[in-house]
Amino acid sequence: TRVIGAVFATDNDTTATAAGQLEYYITGGNQRGIFDIVNPASGSVSVVNATMVDYETDQQFDLIITATDTVMPTNERRVGSTHFVVTVVDENDNSPQFLDSNYTGFVIEEEDGATVIVVPSIRTDDPDTLDGTEEVTVTITDQLPELAFVMNSDGSIVTDRPIDREAFPDGFTLELTARDMASNTATATLMITINDINDSPPIIDQTASDLSIDVPENQDVNSTIRTVTAQDDDISPNNVFTFSLSGDRDFFEINQNTGIITLIRTLDRETIPTYTLTVTTVDGALNSDSVSFTITVTDANDNEPVFTMPVFIGSVDEHVDNGTLLSLFINATDLDGNSIEYSIVTPGVPFGIIPNTGQLYTLGDTTAINREIDDFYDFLVQADDGLLRMTIPEALVEISVLDINDNNPVFTSDEYENDLFEGTQGGVVILQVHADDADIGSNADIEYSISSVTPPSVASHFAIESTSGDISTTVDFTISTDTPPNATIEVLATDRGSSDQLTDTALVVLQLLDRNSAPPEFSMPNYNCSVVEEVENQVVCTVLAEETDVDRVNEITYSVVTDVMFFNIDSLTGTITTAVGLDRERVDLYTVTVAAADNPPNGDPSRTGIATVTVHVLDTNDNDPYFDPEEYPIGISESTSVNSTVLRVLAFDDDIGVNAELTLQIASGDTNAFGITNDGVIMTKMELNREAVPFYELIVVAQDNGMPTMQGNATVTIHILDENDNSPVFTNGSLMDVAIMEGDYSGNTGGVLLTRVIAVDLDDDFNQVLAYSFNNNSQVREPFYIDRNTGEITVRGEVDREEEDLYELTITAADQRGTGPQVRRTTAVLRVHILDINDNIPFFNLLTLDYSIPEDLVQNLVFGRVQGGDRDADANAELFFHLLGNISNTTCFDAFCINQRSGELFLNAEVDRETQDIYVLQMAVSNSPDLTFNSSSSTPDAASTTSVTVRITDVNDEPPVFVPDTLLAAVAEEAEFGTTVTTLRTSDQDIGNGQVARYEITTPAVPFLVVRDTGVVTSSGIFRGASGTKYEITVRATDNLGAPPSISTTATMTVYVFKTVEQLIFTFGVSTTVIEDKLDRIESNLTAITNSRIIINEVRVFQTDSGSVDITRTDVILFVLNAETGEVQPPQETIRLIDQNFAAVDEAFSECDLQEVKIHPPPPTDRGGIPAYVWAIVAILAALICSFCCCFLCIFVVEKRRYRKVKKRTELESYQSQLSNANAVSNPLWIAPYDNWDEETSTVDQTASQLDRDNPVYESQELTIEMFQDDYDDDIQSTTSSKKLLKAPPLTSSTPGRHVATGRQQAAYSGAYDDELLAEAIGEPKKGYGYDSETSLISDI
């Protein structure tokens, strides 16, 4: 006990009398008995239950202390009350708390500094509120299995390194510690799961032996070769992978899911002995692993020997010795690798074969193989691998016999004859000799030669071709007087054997005969002559020829061999004449071939000699001069300087000499501008100007010097080519103006024509071809476009006057298309004026506006103004403001109006904040005083909208209203001074201080006080014996804290005086905070169920019989007024109504967990003003008497119970068996909860009861128990009138059928259950018990 303060009151009565002697009592605000005035006369307030003082529960206590004099009787005492406010000072007596004791976290693996996502979020609370103590820091104090996380200053938890989930599959456990400034701590556990990412490849299981696989070549197709397995350390779904195969996929495939490699084609070891397969595993993130396998195909002896070639070809020399080895080997292969034995199949051949090597050799003596008899052998050989086969493979062998030089060449004749005539020319074949050789090859190749010639004088006249045997002359053969009549030639034939060369000889006899062999011969081989052109039958010259053969005189005749159309010759004289007139200009020189032929009389062939005659044709002046070409068109620049060469004309004359000498002159044309030299060069004589004379035409004449003279002419046309010496000129001047309405012209194909600029250029052709463009320095080119060729300027995009109202375009006109080497340019400025159209919607300067006005604002007083703008100009920018909401009138809406031109806002009606405190006005601004609206919506056309929020501020114009409208309260006749009776509450539609009321009681001389600020009504008198009394009290509530301007409201409050036992106690299994929030619902539900009026007197924390507090439960104390009589309704009647409507009660209070309803017990006996020392003496005497009685009673009861227990044990066991069997039936009684009754704690095992409750076999039913007394009724005694209370466990939320008991059940639900007494009551029923509604006890019937 500790004194915390004191109160002192004064009384004008004298202190010598009881009227002046004061005592102090706490009469209100001390519901839990924390405070007491130990010495009533002192006024000192003490804390008597400090354990219940908790700042976190109550920060302040408002005690009502009443001072009373000591006059007797007590109803004549005068009292006075005051408030004693106790403020609780906080101390750091609470540890911080985690809102959850276990947290779950997730973090992605392999991320450095990754934030852990914690569910739920880590939050702490500290009930303490001292400065600094509520600051809680959370740290990581332990980590398992190793350190991997850090906590940032902002409370987030991150990894301090990348974490591999595969290394920590079970995650991490972190201990979190919350610490306040006073080092009070709390801990929580954070379980962090590492979220898997697909970072591990599926690793193929392998050993060294696994990498090599032997498969027989006769392995069945579709059989399994190998099953490949792999492991992925990730978890699902990241550990899902597939197999794939690369390499020899034509023979093998792999199941992508199981890894089984199967054979899909027949193997052949002899074709492919080994295979290399690469198996790859790939998961969803393309992580992969690969392993290469070598598959070796083992042999299955399924192949016969195969010769390496179908025909073996070889050779052998003839006449070789027996057993000579040939270089030819017969070769066969066996893919199975077996050894092979060779043999010759064909009989009678002179060859043998070595069996194991296949090499051939000869059989027989040197005469066995003779090429001249058999030059070729073919026979069969076989290859045997030793296996039994139907056929043995065979191959053909072809042997050619090679020749040796064992035969002489032989001439076809021993002697050859022929005639040789005079005149035979050298190199003529006169005879062929031939020899044969039985050998072949080089041994049969024969070479011919002349060994001798008779007579020797003609030996040089003959030769023989060494390979063909052709004999020919080496010189032209002539006959002279000493020439013999014949000649003999001995020829030799020699072979070309590689060893000895063999020969043969033959004779050739030639008869030498004479013939006409020499042609006539001209006196000279070449003749030179001349003749004048154009003269026919003119003698050119005469030629002469003579006979040259010996002893021959032949007649010679002449003829023209060439140019026979132009010349004739006398066949006897040799005189040559012209056959036609010759044209020198066509051919000035002829080379004529003439022939002289003899005519032998003996029939010999005629011989002819030839000669050449050169004929020169002499010129005459028979051709006119001419120009080639006859017309010369040419162009020269007008800037060509004086004496510059223009061109050269070419004049020709087909004559020669003087007849071809020409004189040139300009016969007509401008000789002032041009001149000509005698060699045809035309030159300028003055400056040229194309713009003055664009072209010239000259006639040039060429005349020769022949007799008579002749002439020709040519035309020269000279075009003066333009030089770019003139600049373009704009026809409209250098400054032009044009206007266009603003708008978007991009939708027009080719744009919209704005204007066309025209410039001219005096130059010609390319120099006057103009190109138009915008100057690069032009202010703006887009969206304007100028046609390069026509100068048309179009608009192809959007022009917005609000963005730019004037464009100055610098336009350039350039000749030579603007690209020539000597381009000349001229510029002009085009000013484009953009004319405004009403294409912009007006706008508000502010998108939202917010005004606050008092609710009593005077009408028509401007309280705000909206402003807007319009990017258009002039009339198109005129603004009109509108209030939306009334299509027919856009100047006013609701209580507000706007000036359309100025935008000023004002009221045209009253506003009431309590009716509506916020107005959101939709406004529009347009260019028209009238708005048009879209037919499909309420949006105005061509207008901008905004919202104006008008907040109505409060003025104190509403009175407070008591809640509820009927004020009912009650006070127990046993109530002490300061007992809280009720709390007045009001509502006020005003806000701020306007809704804060102060309360007072205006009815005089009533035993009640009201706390001015809180409305708490407390008793200030004594009500003993006043049960049934009703007080009608007038109370007043004044808002605005009672200060002007304020409004008051009065109401009548009815206060009933009742007995404590007329109240009911409703016990709920939730805290007082929950119940206080649901009081209105509790009251309304009970009112509906009982059809009565409910008055709730008190809400308090549940207190057990031992005095301990259970803050998880709440008692609501109330009494009920009969709706018809207005009188207090007996609690038994209320309980009856509740029982009748139990289903509705159960549903109505399901959220509040109604556990028990009971009648309020009577209060302790009033001390009635007896002095305390008297009560102390009485208490001591009573204690002594009780002690003596108890000792005696204990001895008696112990002995008697021992005897009773032995007697009833069998009956109890039988009863328990019945209870056990009762739980097995389909509709059991509510026995199971009592099986879970704990005798020591007098409570039901909640876990077991909950399991029983959840069991669907239990059904709601009403249980009525009739109890009878056995012979030992003296054991069951009441503390008054020899009755003892049977007690059953309290009704809890876990007890099946948790409804309020009726009748006799009520007694069983209000205390502690005695299992033995109940067993005795059931075992020997003799005497019943009934429920006493006044005492709430079970009494004897």
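The structure presented is a predicted model; accordingly, all values stated were derived computationally and were not measured.

Student: I'd love a proper account of the overall build of the chain, names of residues and values included.
Tutor: In terms of regular secondary structure, the chain is built from nine helices and 99 strands. Taking all 1341 residues of the chain together, the buried fraction comes to 39%. For the chain, restricting intrachain contacts to residue pairs at least 6 apart in sequence, the fraction spanning at least 24 positions comes to 68%.

Student: Break down helix α2 (residues 1079–1090) for me, citing the residues and quoting the values.
Tutor: Over its 12 residues, α2 runs 16 Å from end to end, which matches the ideal 16 Å to within 8%, given 1.5 Å per residue. Taken residue by residue, α2 has I1082, L1086, I1089 and T1090 as its buried positions. The arc that holds the buried residues of α2, viewed along the axis, is 80°, so those residues lie on one side. The exposed set on the far side of α2, more than 90 degrees from its buried face, consists of D1080 and A1088. Residue N1091 follows α2 closely and has a positive phi angle near 55°.

Student: Before we move on, can you summarise the state of the cysteines with the specific residues and values?
Tutor: Per the stated rule, a full pass over the model turns up two disulfides. Between the sulfur atoms of C892 and its disulfide mate C897 the distance is 1.9 Å. Taking the sign of the S-S torsion, about 110° here, the bridge from C892 to C897 comes out right-handed. Here C892 matches C897 in class, with each residue buried.

Student: Please give an account of a negative patch on the surface that cites residues and values.
Tutor: Together, D628, E630, E631 and E697 line one region of the surface with negative charge. Relative to the helices and strands, D628 is located in the loop between β52 (626–627) and β53 (631–637). What makes D628 partly exposed here is its relative accessible area of 48%.

Student: Account for the sheet that holds strand β4 (residues 44–47), with residues named and values stated.
Tutor: The strand order across the open sheet built from three strands is β1-β4-β3, with neighbouring strands paired in antiparallel fashion. Unpaired on one side and paired on the other, β1 (2–6) and β3 (35–36) mark the two borders of the sheet. Here β3 pairs with β4 via two bridges, running antiparallel. Note on β4: the bridge partner recorded for F35 is V47.

Student: Describe the sheet that holds strand β57 (residues 674–676), and please don't skip the residues or the numbers.
Tutor: Read across the open sheet, the three strands follow the order β54-β58-β57; overall the sheet is antiparallel. The sheet terminates laterally at β54 (645–648) and β57, the two strands that pair on one side only. Across this sheet, the average inter-strand angle for adjacent strands is 20°, counted without regard to direction. Where β54 meets strand β58 (residues 681–684), three bridges bridge the pair, whose relative direction is antiparallel. The residue of β58 that forms the bridge with L647 is I682.

Student: Residues and numbers for the nonpolar core, please.
Tutor: Among the nonpolar cores identified, the biggest contains 24 residues, and F784 and V832 are the most heavily contacted of them. Leave out the neighbours within four places in its chain, and F784 touches L754, F774, T794, V795, V799, Y807, L809 and V832.

Student: Talk me through the confidence of the model for the chain; I want residue IDs and the actual numbers.
Tutor: Regions with low pLDDT should not have their predicted coordinates read in detail. Mean pLDDT over the chain: 81, with 86% of residues reaching 70 or higher. Within the model, the stretch residues 1214–1237 combines pLDDT values under 50 with 49 contacts to residues more than four positions away or in other chains. Counting contacts from residues 1239–1341, a segment whose pLDDT is below 50, to residues more than four positions away or on other chains yields 212 contacts.

Student: Report on helix α3 (residues 1131–1140), specifying residues and quantitative values.
Tutor: Among all positions in α3, only P1131, T1134, I1135, L1137, I1138 and D1139 are buried. Residues of α3 that are buried in the fold lie against β91 (1064–1068), α2, β93 (1109–1121), α4 (1142–1148) and β94 (1154–1159).

Student: Provide a residue-level description of the packing of aromatic side chains, including the pertinent values.
Tutor: Within this structure, the stated rule accounts for 28 aromatic pairs. Three or more aromatic residues link up through ring pairs in this structure, and these residues are Y851, F863, F896 and Y919. Cation over ring: R796 sits above Y785, and NZ or CZ is 3.8 Å from the ring centre. R1113 extends its terminal NZ or CZ atom over the ring of F1102, reaching a point 4.0 Å from the ring centre.

Student: Residues and numbers for the pattern of salt bridges, please.
Tutor: Using the criterion set out here, one finds 27 salt bridges in the structure. The residue R1012 makes a salt bridge to D1013 at a minimum N-O spacing of 3.6 Å. On the basis of relative accessibility, which here comes to 45%, the residue R1012 falls in the partly exposed class. Among the ionic contacts, a cluster of salt bridges with common partners joins R690, E691, D722 and D764.

Student: Can you tell me about the side chain of T986, naming the residues and giving the values?
Tutor: Looking at where T986 falls in the secondary structure, it is placed in strand β85 (residues 986–987). Of note is the side chain of T986, whose polar atom sits 3.1 Å from the side chain of Y999. Setting aside its immediate chain neighbours within four residues, T986 contacts P960, V961, F962, V963, A997, Y999 and A1037.

Student: Break down the environment of I479 for me, citing the residues and quoting the values.
Tutor: As for its position among the elements, I479 is in the loop between β40 (470–473) and β41 (486–495). Classification of I479 as partly exposed rests on a relative accessible area of 26%. It is 7.7 Å that separates the C-alpha atoms of I479 and L513, two residues lying 34 residues apart in sequence.

Student: Give a detailed account of unusual backbone geometry, specifying residues and quantitative values.
Tutor: The omega torsion across T454 and P455 is -5°, close enough to zero to call that bond cis. In this fold, P455 is placed in the loop between β38 (446–454) and β39 (462–464). Residue L286 is not a glycine yet carries a positive backbone phi of 65°. Of the residues examined, L286 reaches a relative accessible area of 69% and is grouped as exposed. Although it is not a glycine, D894 adopts a positive phi angle of roughly 60°. By secondary structure assignment, the location of D894 is in the loop between β77 (892–893) and β78 (896–898).

Student: Could you give an account of the pairing of β41, with specific residues and numbers?
Tutor: As a general feature of sheets, a regular strand has side chains that alternate between the two faces. Pairing analysis gives eight bridges linking β38 to β41, with the strands arranged antiparallel. The partner of I446 across the bridge, within β41, is D495. Two strands pair when backbone bridges link them, and β41 and strand β42 (residues 503–513) are joined in this way by nine bridges, in the antiparallel orientation. Opposite T494, over in β42, you have T503 as the bridge partner.

Student: So what's going on with the side chain of D722? Which residues, and what values?
Tutor: Residue position: D722 is located in the loop between β60 (711–721) and β61 (729–730). At 3.0 Å, the side chain of D722 and the side chain of R690 are in polar contact. Polar contacts involving the side chain of D722 include one to the side chain of N767, which spans 2.9 Å. Setting aside anything within four residues of it in sequence, one finds D722 in contact with E638, R690, E691, D763, D764 and N767.

Student: Describe the environment of S400, naming the residues involved and giving the relevant values.
Tutor: As for its placement among the helices and strands, S400 is situated in strand β33 (residues 394–402). By relative accessible area, S400 is classed as partly exposed at 29%. For the pair S400 and Y377, spaced 23 residues apart in sequence, the C-alpha separation works out to 6.5 Å. Once you skip the residues sitting within four places of it in the chain, S400 turns out to touch G314, S315, V316, D375 and F376.

Rules behind the numbers
- Residues numbered from 1 in each chain as written.
- Predicted model: local features only at pLDDT ≥ 70, side-chain atom pairs only at ≥ 80, totals over all residues.
- Heavy atoms only, no water.
- Helix = DSSP H or I, 4+ residues; strand = E, 2+ residues; numbered from the N terminus.
- Buried < 20%, exposed > 50% of the residue type's maximum accessible area, 1.4 Å probe, protein only.
- Contact = heavy atoms within 4.5 Å.
- Expected span 1.5 Å × (residues − 1).
- Arc of directions from axis to C-beta.
- Disulfide = S-S within 2.5 Å.
- Patch = residues over 30% accessible without salt bridge, like charges linked within 9 Å, V, L, I, M, F, W, Y side chains within 5 Å.
- Areas by Shrake-Rupley, 256 points an atom, 1.4 Å probe, with all protein chains shown as cover.
- Salt bridge = Lys/Arg side-chain N within 4 Å of Asp/Glu carboxyl O.
- Lys, Arg positive; Asp, Glu negative; His and termini not counted.
- Charge placed at Lys NZ, Arg CZ, Asp CG, Glu CD.
- Pairing = 2+ DSSP bridges.
- Axes fitted to C-alpha atoms, helices over the stretch in contact; angles between N-to-C directions.
- Core = buried A, V, L, I, M, F, W, Y, C linked by side-chain atoms within 4.5 Å.
- pLDDT = per-residue confidence, 0-100.
- Phe/Tyr/Trp six-rings, centres within 6.5 Å; stacked < 30°, edge-to-face > 60°.
- Lys NZ or Arg CZ within 6 Å of the ring centre and 35° of its normal.
- Polar contact = N/O pair within 3.5 Å; in protein donor to acceptor, adjacent residues only side chain to side chain.

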